[in-house]
Amino acid sequence: MMREADPGEVGTETQKYVRLPTFLERGFGDLANEVTAKRLCCLCGTCAAFCDKIKITEDESGKKEPRFVEDYDTVCGLCYAFCPRTFLPLAEIEWRIFGEVRAGEEGDVLGVYRNGYAVRATKGDILEKGQDGGVVTSLLAYALDEGIIDCGVITTSDDQWKPMTKVARTDDDLKAGAGTKYTLYPSVTGIREAIEEGCEKIGFVGLPCQIQGLRKVQTAEQPYDVGVNKVKLLIGLFCMENFTEDLLDFVELKCANGSLKGVSKFNIKGKELLVTEEETFSILLEDIKSYIGEGCLVCQDYTAELADISVGSVGSEDGWSTVFVRTAQGEGIVKAAAEKGYIELKELEEKGWGALRKLAKSKKESGMQRSE
Ligand SMILES: Cc1cc2nc3c(=O)[nH]c(=O)nc-3n(C[C@H](O)[C@H](O)[C@H](O)COP(=O)(O)OP(=O)(O)OC[C@H]3O[C@@H](n4cnc5c(N)ncnc54)[C@H](O)[C@@H]3O)c2cc1C
C-alpha cells in the first residue's frame with residue numbers, strides 16, 4: 001500500500017519543492033514540439049490555466065490544442081514544467097505530497113493510499129443525479145458547508161453535452177454538474193476562473209492527467225506566485241480513456257430525435273457505452289475507439305494516483321463509488337463526511353480490489369508500450 005521513503009532517497013525533510021531541471025530553460029516552443037506536435041497533449045488545460053499567454057483554441061479542422069497568443073515566445077518555462085506529458089517525477093511528487101512513495105518492488109499499481117472504500121451519498125437527490133454513488137458531489141458539498149473550500153471547480157455541460165467548467169459555490173451548482181462527461185476538456189482552466197473570481201480555497205475535480213498537472217504546479221520550485229496555493233483539495237476520477245468531441249456527433253446520430261438534448265446519462269460499463277434517453281441504448285467501445293484522445297494513449301494512471309481522494313465506479317456494486325483516500329486531509333474529509341451523514345461507506349470487497357488492480361495494471365502496460 002505505502003511505505004516510508006528512506007531519508008534522502010527521493011527527497012529530504014528540508015527539500016520543500018520538487019526541482020525541475022528544465023525550469024526556465026524551455027519555453028512554449030519546446031512544449032509545442034515535444035508534446036503537441038507529437039500528439040501527446042491530453043488537453044488537461046494546466047498550461048493555459050497558469051499562463052495568460054496560452055489559450056486552448058481550435059484549428060481549422062476543429063482540433064483543440066494549446067496555442068501561444070503572443071507573437072513571441074518566452075523561456076519562462078512554466079508551461080513546459082507544469083505539463084503532465086513533458087516529464088513526471090512521480091516518486092518526488094509522491095514524497096512531497098504523501099510523505100511516502102508507493103510500496104512494492106515495482107510499486108503498487110494503485111499508487112499510495114491509506115484506505116479504499118465503497119461509498120454512496122445519503123441524500124436521495126444527489127444519489128439520483130450522481131454518476132455512481134454521487135460521492136464526488138457529496139464530498140464537495142461537505143467541504144463547502146464546512147468552509148474547507150469556498151468553491152468547487154467542476155465540469156458541467158450544456159444541453160448538447162459539451163463540457164464546460166463551473167465555479168460551484170452552492171449545493172445546486174454542484175448537483176447541476178454531477179454525472180460523467182466522456183469528452184476531453186481543459187478543466188484545469190476553471191482554476192484560473194476561480195482565482196479571478198476571488199476564491200481563496202478551491203476544490204478541484206478532474207481526471208488523472210489534470211491532477212498530475214496540478215501536482216506538478218504545486219510541487220515545482222518556481223519564482224512566480226501563480227495562485228496555486230489557493231487550491232486546497234484535489235478529487236481525482238478514475239479514467240481508462242477519454243474521447244474527443246466528435247464522439248458526441250457520432251452518438252447524436254443514434255439518438256431518437258437526432259439530438260443529445262434528451263440524453264440524461266452516458267455510462268461506460270464493461271465493453272459498452274450506455275446512452276440513456278427514455279430508453280437506454282448501447283454502443284460497443286470497439287466501435288468508438290477512433291474517438292479516444294491521442295494524448296490518452298500514453299497515460300499510465302488509472303486511479304488518479306496523485307489526488308487527495310480518488311473516485312471511480314469499478315470495484316463497487318452499481319449505485320456505489322469506489323473511493324481511495326490518499327492524503328491525511330483526504331482521509332479526514334471522507335471520514336468526517338460519513339460521520340456527519342453526507343455519505344455512507346463500507347469495506348471494498350476482495351473481487352473489487354482484484355478488478356481495480358487488473359485494470360490499473362493493464363493501463364500502465366499499454367501506456368508504457370505506447371510511450372516507447
Ligand atoms: C472521462 C472519464 C472517464 C472515466 N473512466 C472511468 C473508468 O474507466 N473506470 C471507473 O471506475 N470510473 C471512471 N470514471 C469515473 C466515473 O465515471 C465517475 O465520475 C465516478 O465514479 C464518480 O461518480 P460519482 O457518482 O461519485 O460522481 P458525481 O457526484 O456524479 O460527480 C462527478 C463529478 O465529475 C466531474 N466530471 C464529470 N466529467 C468530467 C470530465 N470530463 N472532466 C473533469 N471532471 C468531470 C463533474 O463535474 C462532477 O463534479 C470516468 C470519469 C470520466 C470523466
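None of these values were measured; they are calculated from a predicted model.

Cut-offs used in this document
Residues numbered from 1 in each chain as written. Predicted model: local features only at pLDDT ≥ 70, side-chain atom pairs only at ≥ 80, totals over all residues. Heavy atoms only, no water. Helix = DSSP H or I, 4+ residues; strand = E, 2+ residues; numbered from the N terminus. Rg over C-alpha atoms; globule rule 2.2 N^0.38 Å. Buried < 20%, exposed > 50% of the residue type's maximum accessible area, 1.4 Å probe, protein only. Contact = heavy atoms within 4.5 Å. Areas by Shrake-Rupley, 256 points an atom, 1.4 Å probe, with all protein chains shown as cover. Lys, Arg positive; Asp, Glu negative; His and termini not counted. Charge placed at Lys NZ, Arg CZ, Asp CG, Glu CD. Near = heavy atom within 4 Å. Polar contact = N/O pair within 3.5 Å; in protein donor to acceptor, adjacent residues only side chain to side chain. Nonpolar A, V, L, I, M, F, W, Y, C, P; charged D, E, K, R; others polar. Core = buried A, V, L, I, M, F, W, Y, C linked by side-chain atoms within 4.5 Å. Pairing = 2+ DSSP bridges. Axes fitted to C-alpha atoms, helices over the stretch in contact; angles between N-to-C directions. Salt bridge = Lys/Arg side-chain N within 4 Å of Asp/Glu carboxyl O. Phe/Tyr/Trp six-rings, centres within 6.5 Å; stacked < 30°, edge-to-face > 60°. Lys NZ or Arg CZ within 6 Å of the ring centre and 35° of its normal. Disulfide = S-S within 2.5 Å.

A. Fine view of the overall build of the chain. The number of helices and strands found in the chain is 12 helices and 15 strands. In terms of overall dimensions, the chain is globule-like: its C-alpha atoms have a radius of gyration of 20 Å, near the 21 Å expected for 372 residues. Buried positions account for 53% of the 372 residues belonging to the chain. Here the analysis covers contacts within the chain between residues at least 6 apart in sequence; of these, 71% occur between residues at least 24 apart. Surface accessibility of the chain: about 16,900 Å² in total, with carbon and sulfur atoms responsible for 48%. For the chain, the distance from the average position of its 46 positive side-chain charges to the average position of its 63 negative side-chain charges is 1 Å.

B. Structural detail: the site of the ligand. Taken together, the neighbourhood of the ligand is formed by 33 residues, with D132, G134, T137, T180 and S313 sitting nearest. For the ligand, an oxygen atom lies 2.7 Å from a polar atom in the backbone of S313. Against a free-state accessible area of 910 Å², the protein chains account for coverage of 97% of the ligand. Of all elements in the fold, only helix 6 (135-145), strand 6 (151-157) and strand 13 (309-312) reach the threshold of two or more residues within the shell around the ligand. Here the element with the most residues in the shell around the ligand is helix 6; it accounts for three residues. Grouping the amino acids of the shell around the ligand by side-chain chemistry returns 14 nonpolar, 16 polar and three charged.

C. Broad picture of the side chain of T156. Tracing the chain through its elements places T156 in strand 6. Only 3.4 Å separates the side chain of T156 from the backbone oxygen of A176, close enough to count as a polar contact. Once you skip the residues sitting within four places of it in the chain, T156 turns out to touch K162, P163, M164, K166, A176, G177 and K181.

D. Layout of the nonpolar core. F50, I191 and F204 are the most contacted members of the largest nonpolar core, which has 28 residues in total. If we skip the residues at most four places from it in the chain, F204 touches V153, S187, V188, I191, Q210, I211, L214, L233, L234 and I235. Core analysis: the second largest hydrophobic core is formed by 27 residues, V135, L144, A168 and Y342 among them.

E. Representation of the environment of E278 within the structure. In this structure, E278 sits in the loop between strand 11 (272-276) and strand 12 (280-284). Sequence separation of E278 and G262 is 16 residues, and the distance between their C-alpha atoms is 7.7 Å.

F. Structural detail: the sheet that holds strand 12. An order of 10-11-12 is seen for the three strands of this open sheet, with the pairing classed as antiparallel. A strand with exactly one partner marks an edge of an open sheet, and here the two such strands are strand 10 (265-269) and strand 12. The mean angle between the axes of side-by-side strands here comes to 25°, regardless of whether they run parallel or antiparallel. Relative to strand 12, strand 11 runs antiparallel, the two sharing five bridges. By the bridge assignment for strand 12, E272 is matched with L284.

G. Quick peek at the side chain of T155. Tracing the chain through its elements places T155 in strand 6. With a relative accessible area of 18%, T155 lands in the buried category. One polar contact links T155 to S187, side chain to side chain, over a distance of 2.8 Å. T155 has contacts with P163, M164, T165, G177, K181 and S187, leaving out every residue within four places of it along the chain.

H. Highlighting the pattern of salt bridges. The tally for this structure, following the rule as stated, stands at 26 salt bridges. One salt bridge connects E197 with R169, and the closest N-O pair in it is separated by 3.3 Å. Of this pair, E197 sits in the loop between helix 8 (189-196) and strand 8 (202-206) while R169 sits in the loop between strand 7 (163-168) and helix 7 (171-176), placing them 28 residues apart in sequence. For E197, a relative accessible area of 45% puts it in the partly exposed group. Relative accessible area serves as the criterion here: at 39%, R169 is assigned to the partly exposed category. One salt-bridge network, held together by shared partners, links E58, K64, K162 and E245.

I. Spotlight on the pairing of strand 5 (residues 115-121). The buried fraction of strand 5 is high, at five of seven residues. Bridging between strand 5 and strand 14 (residues 321-325) involves five bridges; their strand directions are antiparallel. Across the sheet, the residue bridging to G116 is F324, located in strand 14. Bridge count for strand 5 against strand 15 (residues 343-347) is five bridges, and the pairing is antiparallel. Across the sheet, A121 pairs through a bridge with I343, a residue of strand 15.

J. Representation of the packing of aromatic side chains. Within the structure shown, the criterion is met by 11 aromatic pairs. Taken together, the ring pairs connect Y113, F238, Y302, F324 and W353 into an aromatic cluster. The ring of F87 has K216 sitting right over it, with the charged end atom 3.7 Å from the ring centre.

K. Representation of the state of the cysteines in the model. Taken as a whole and judged by the stated rule, the model has zero disulfides. The structure places no disulfide on C51, whose sulfur is separated from the nearest cysteine sulfur, that of C76, by 6.1 Å. Judged by relative accessible area, which is 17%, C51 ranks as buried. There is no disulfide at C299, and the cysteine sulfur nearest it, in C209, is 6.4 Å away.

Honestly, that's just the spatial picture; any functional story needs more than this.
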